[in-house]
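Survey of secondary and tertiary structure
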Amino acid sequence: MGRLWFGGSIYTMENEGDAVEAVYTEGGFIKAVGTYERLYHDYFDRIDNEVNLKGKMMLPGLIDSHLHIIQYGEKLLRLDLSQMKSSAEVKEALMNRTANLAEGEWLIGEGWNENQWDEPVILSRKELDDICPDNPMMLSRVCRHALLANSKAMELSQVTSDTPDPQGGIIMRNEKGYPEGYFMDTAQDLIKASMPEVSQEYLQQVIKIAVDDLLSKGLVGGHSEDLNYYGGFNKTYQAFMHAVNGNNKKFKAHLLVHHEVLDNMIEENLGFLDGTTYIELGAVKIFSDGALGGRTAWLSSDYNDDAGNAGVAIHSIENLEKIVQKARKYGLPIAVHAIGDRAAEVIISFMKKYPLQNGARDRLIHGQMLNERALKTLSELPVIVDIQPSFVASDFPWVLDRIGKDRLEFAYAWKKMLDEGVICAGGSDAPIEEPNPLLGIQAAVLRKSTFDGNEYLPDEKLSLFDAVRLYTVGSAHAISQENYRGIIKEGYTADFTILEEDIFQTDPVKLHETEVSMTVVDGDIVYEKTPYRL
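Residues numbered from 1 in each chain as written. Predicted model: local features only at pLDDT ≥ 70, side-chain atom pairs only at ≥ 80, totals over all residues. Heavy atoms only, no water.

Some words on the overall build of the protein
Across its full length, the protein carries 18 helices and 22 strands. The globule rule puts the C-alpha radius of gyration for 534 residues at 24 Å, and the 23 Å found for the protein is close to it. Reported as C-alpha extents along the three principal axes, the dimensions of the protein are approximately 80 × 55 × 50 Å. In the protein, buried positions account for 59% of the 534 residues. Sequence-distant contacts, at least 24 apart, represent 72% of the contacts inside the protein between residues at least 6 apart. For the protein, the accessible surface area stands at approximately 21200 Å², while carbon and sulfur atoms represent 45% of it. Taken together, the 52 basic and 82 acidic charged side chains of the protein have centroids lying 1 Å from each other. (Helix = DSSP H or I, 4+ residues; strand = E, 2+ residues; numbered from the N terminus. Rg over C-alpha atoms; globule rule 2.2 N^0.38 Å. Buried < 20%, exposed > 50% of the residue type's maximum accessible area, 1.4 Å probe, protein only. Contact = heavy atoms within 4.5 Å. Areas by Shrake-Rupley, 256 points an atom, 1.4 Å probe, with all protein chains shown as cover. Lys, Arg positive; Asp, Glu negative; His and termini not counted. Charge placed at Lys NZ, Arg CZ, Asp CG, Glu CD.)

As structure tokens, then:
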């Protein structure tokens, strides 16, 4: 038995402006679309109930193509530093948190961003020690490619002046060579390795907290990367399987598999798209560089504001190629974090050198900076680019200091990629950005900085239709499921995002004010702003 949905603006997203009057769903799939009269006539003996949208807008279910579900859940639980506008505000928040710490408990903060402080000077180890001398402290930067640690955390981690920089990481040091508590990219692992291991029960609870919040934002699913950080592949994978089991919790999580736990996946006889309807495994995740904020994204020439520094290659080119070859040995696609243009060039060359033969697609994650060569090669390959439109709102204008105006042509160039035939999928990189998809859609359309309100690279603005498709059609293409997800059509999954207003009739400036009315997964209402009376 099924449901008949009608009475609102139902956009299929197959072609611009395409809309239908009603949708009939059954067994988790769309059985038919058309007029209310025809569907009621054809299915009247099978309709359990009817949902009158009462003028609301229905879209295919929005999907975040790149986030970190567990990290986002932890952000909701931990001390959130992401909205603070000064180092003084951060220090006050840390001081307040110390009052409730038990002996030996770690003080963990999330999301500090010196670029939005009145004075963008990174906190020193001494400042952290003055606030919290007896408990270890770890504060993740907003990009999650750097962290701050106090002396107690460094002591537990056995980090000294003799500790070398790891491949792909930097330990910032003072003039005497002593670590200053600032760890970048893979150097973060030195601190994280000494943190207490979390239980599977804790992970399940964090996942549930995150998923509930994501559903309330209209997301029916997300592509996440978590399997290498919380005690290994099996524990984390099982936490997802128990937390989102399709009975009391429905959300479609597609889990990228970090290359360091690839062997664990293979040992379990699992592969690409294996799992359940709600938890499935994805491409092999690889980091090739860092981030622009910390000047560790791997560029083809030096940073404009840091002569002699062109960023960090997480792996040597030789080792990076070996990781790609290993993925291909098992016929697996790769999903590679590449923010700088040099990182993009190198990994795209390997995608071309070792093409997939099974129809799956590789993914370039972020692609914030390309160059002409990289874009040309990319346009010739069946590669999806996972973009985060909200980065435009967050990164400008400070990113101009990093890369200079001469490199802007191929920076954050979403429209240029679409015009070249590159399929893009939209995401947030939560917890780095808020996972509200309407914020990403708005950023893609307006390209306005949240810092100064100015437009940046307006020629790269997307139409509202193309921006929405990033989170529907694009996200489905990224996981080779475009034949049954991403649009409202017979035979496709009954996943819908229902908004209070028709955003195609709304001023884009007010997009972020639009409220989610319902989130629907497999035809079931899993979130309601106001409980619907059947």
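What follows continues from the structure just given.
Notes on the side chain of K250
In this fold, K250 is placed in the loop between helix 8 (233-243) and strand 14 (252-258). In this structure the side chain of K250 is engaged in a polar contact, spanning 2.7 Å, whose partner is the side chain of D524. Look past the residues within four positions of K250 in its chain and what remains in contact with it is L215, V244, Y278, V521, D522, D524 and V526. (Polar contact = N/O pair within 3.5 Å; in protein donor to acceptor, adjacent residues only side chain to side chain.)

Focus on the packing of aromatic side chains
Taken as a whole, this structure holds 12 aromatic pairs when the rule is applied. Relative to Y182, the ring of W112 has its centre 6.2 Å away and its plane inclined at 55°; by these criteria the two rings are tilted. Pair noted here: W112 is in strand 8 (residues 107-112) and Y182 is in strand 12 (residues 179-185), with a separation of 70 residues, a long-range link. The pair W112 / Y182 is uniform in exposure class, with both members buried. Cluster of aromatic residues (ring-pair linked, three or more members): F396, Y412, W414 and Y456. For the cation-ring pair, R141 lies above W112, with the distance from its terminal atom to the ring centre recorded as 5.9 Å. The lysine or arginine in question, K416, covers the ring of F410, its NZ or CZ lying 5.6 Å from the ring centre. (Phe/Tyr/Trp six-rings, centres within 6.5 Å; stacked < 30°, edge-to-face > 60°. Lys NZ or Arg CZ within 6 Å of the ring centre and 35° of its normal.)

Here's the deal with the sheet that holds strand 10 (residues 146-149)
Strand order in the open sheet made by the 6 strands is 7-8-9-10-12-11, with mixed pairing throughout. Sheet topology places strand 7 (79-80) and strand 11 (169-173) at the edges, where each strand pairs with a single neighbour. Two strands pair when backbone bridges link them, and strand 9 (residues 137-141) and strand 10 are joined in this way by 3 bridges, in the antiparallel orientation. The residue bridging M138 from the neighbouring strand is A149, located in strand 10. (Pairing = 2+ DSSP bridges.)

Looking at the nonpolar core
L292, I347, L364 and M417 are the most contacted members of the largest nonpolar core, which totals 108 residues. Contacts of L292, omitting those with residues within four sequence positions, involve A297, L299, Y303, I339, Q368, M369, W398, V399, R402, I403 and Y412. (Core = buried A, V, L, I, M, F, W, Y, C linked by side-chain atoms within 4.5 Å.)

Considerations on helix 7 (residues 200-216)
Helix length check: helix 7 (17 residues) gives 24 Å between terminal C-alpha atoms against 24 Å at 1.5 Å per residue, within 8%. Buried residues along helix 7 sit against strand 6 (62-67), helix 2 (69-77), strand 13 (219-224), helix 8, strand 21 (516-521) and strand 22 (524-528). At the C-terminal side of helix 7, G218 shows a positive phi close to 90°. (Expected span 1.5 Å × (residues − 1).)

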